Amino acid sequence: VVNLSTIFHTVPDDLNINIYPNPTDDLITIEIEGITKDEISVSIYNAASQLIYTQIIEPVTGNKKKSIDLGSEPEGVYLIRLESEELLKISRIIVK
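A quick note: this is a predicted structure, and the numbers were derived from the prediction, not measured.

**Section: the overall build of the chain**
And then number 1: When helices and strands are counted, the chain shows zero helices and eight strands.
And then number 2: Counting from the amino terminus, helix and strand elements in the chain follow one another as β-β-β-β-β-β-β-β.
And then number 3: Relative to the 2.2 N^0.38 estimate, which gives 12 Å for 96 residues, the radius of gyration of the chain is 13 Å and therefore close to what a compact globule would have.
And then number 4: Projected onto the principal axes, the alpha-carbon positions of the chain cover approximately 35 × 25 × 20 Å.
And then number 5: Per-residue burial over the chain gives 34% buried out of 96 residues.
And then number 6: For the chain, contacts bridging at least 24 residues in sequence account for 56% of all contacts bridging at least 6.
And then number 7: When the accessible surface of the chain is split by element, carbon and sulfur atoms take 49% of a total near 5,700 Å².
And then number 8: Separation of charge centres in the chain, based on 8 positive and 15 negative side chains, amounts to 3 Å.

And the structure:
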C-alpha cells in the first residue's frame, strides 16, 4: 500500500512496511512484516537535508517493530529513508 506520505516506494510484494503515526509529536514506529535477506538502513533527514538519525535494522523474519523518538526535534517535515539491496522506501514524516 502506498499512501500520500510516500515519496518513493520499491518494496518486494511479500514485504509490508508501515511507518506511524504520521503526524507525530514524539515517537514513530517502523513496522516491517515479511522476510528480508539483508540489513535495512534507516535514515531520517530534516528539511535542510541534514542527517539527524541513522540505524541499521537486522534482517527480518516475520514481524519487527522499531520505535524512534523524534520528540526533541523541531516541528516540521522530515524524510525517512529505508534502504537495502532489495528495497527502497522514502516517506515524509510530520513532527508537530
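Having seen the structure, we can now continue with the description.
**Section: the side chain of Asn46**
And then number 1: Among the secondary structure elements, Asn46 is positioned in the loop between β4 (40–45) and β5 (51–57).
And then number 2: Judged by its relative accessible area of 18%, Asn46 falls in the buried class.
And then number 3: Within polar-contact distance, the side chain of Asn46 engages the backbone nitrogen of Ala48 at 3.0 Å.
And then number 4: Look past the residues within four positions of Asn46 in its chain and what remains in contact with it is Ile52, Val77 and Tyr78.

**Topic: the nonpolar core**
Soluble, globular proteins show a tendency: their nonpolar side chains are buried together.
And then number 1: In terms of nonpolar packing, the biggest core is built from 20 residues, with Ile17, Ile28, Ile30, Ile32, Ile80 and Leu82 touching the most fellow members.
And then number 2: Counting only elements with at least two residues in this core, the list comes to β2 (16–20), β3 (27–35), β4, β7 (76–83) and β8 (88–95).
And then number 3: Residues within four places of Ile32 in sequence aside, it is in contact with Leu15, Asn16, Ile17, Ile40, Ile57, Val60, Gly62, Asn63 and Lys64.

**Some points on the pairing of β7**
Put simply, side chains in a regular strand alternate between the two faces of the sheet.
And then number 1: The sheet contact formed by β4 and β7 spans five bridges and is antiparallel. Directly across from Val42, in β7, lies its bridge partner Leu82.
And then number 2: Where β7 and β8 come together, eight bridges link them in antiparallel fashion. Looking at the pairing, Leu82 lines up with Lys89 of β8.
And then number 3: The hairpin turn running from β7 into β8, its antiparallel successor, is four residues long.

**Quick notes on unusual backbone geometry**
A negative phi holds for most residues other than glycine; trans holds for most peptide bonds.
And then number 1: Between Tyr20 and Pro21 the backbone carries a cis peptide bond, its omega angle lying at -15 degrees.
And then number 2: Mapping Pro21 onto the fold places it in the loop between β2 and β3.
And then number 3: Each neighbour pair has its own omega, and for Asn22 with Pro23 the value is 10 degrees, a cis peptide bond.
And then number 4: Note on placement: Pro23 falls in the loop between β2 and β3.
And then number 5: At Ser49, a residue that is not glycine, the phi angle is positive and equals roughly 65 degrees.
And then number 6: With respect to the helices, strands and loops of the structure, Ser49 is situated in the loop between β4 and β5.
And then number 7: Exposure remark for Ser49: the relative accessible area of 57% places this residue in the exposed category.

Basis of the calculations
Per chain, residue numbering runs from 1 following the sequence as it is written. Totals for whole chains, interfaces and linings use all residues, but because this is a predicted model, local features are given only for residues with pLDDT of at least 70 and pairs of side-chain atoms are given and counted only at 80 or more. Excluded from the side-chain calculation are hydrogens and water; included are all heavy atoms of the structure. Secondary structure is summarised from DSSP: a helix means a run of H or I of at least four residues, a strand means a run of E of at least two, and numbering begins at the N terminus for each. For the radius of gyration, the atoms used are the C-alpha atoms, and the globule rule reads 2.2 Å times the number of residues raised to 0.38. The rule is simple: take the accessible area with a 1.4 Å probe, protein chains only, and divide by the maximum for that residue type; under 20% is buried, over 50% is exposed, in between is partly exposed. We call two residues in contact whenever any of their non-hydrogen atoms come within 4.5 Å of each other. Accessible areas in this description were obtained via Shrake-Rupley with a 1.4 Å probe; residue shielding takes into account the shown protein chains only. Positive residues here are Lys and Arg, negative ones are Asp and Glu, while His and the chain termini are left out of the count. Where a charge lies is defined by one atom per residue type: Lys uses NZ, Arg uses CZ, Asp uses CG and Glu uses CD. In the analysis that follows, any N or O atom pair within 3.5 Å is treated as a polar contact, provided that within protein one partner can donate a hydrogen and the other can accept it, and provided that, for residues neighboring in sequence, both atoms belong to side chains. Nonpolar core, defined: a set of buried Ala, Val, Leu, Ile, Met, Phe, Trp, Tyr and Cys residues in which side-chain atoms within 4.5 Å join the residues together. Pairing between strands is defined by DSSP: at least two bridges between them are needed.

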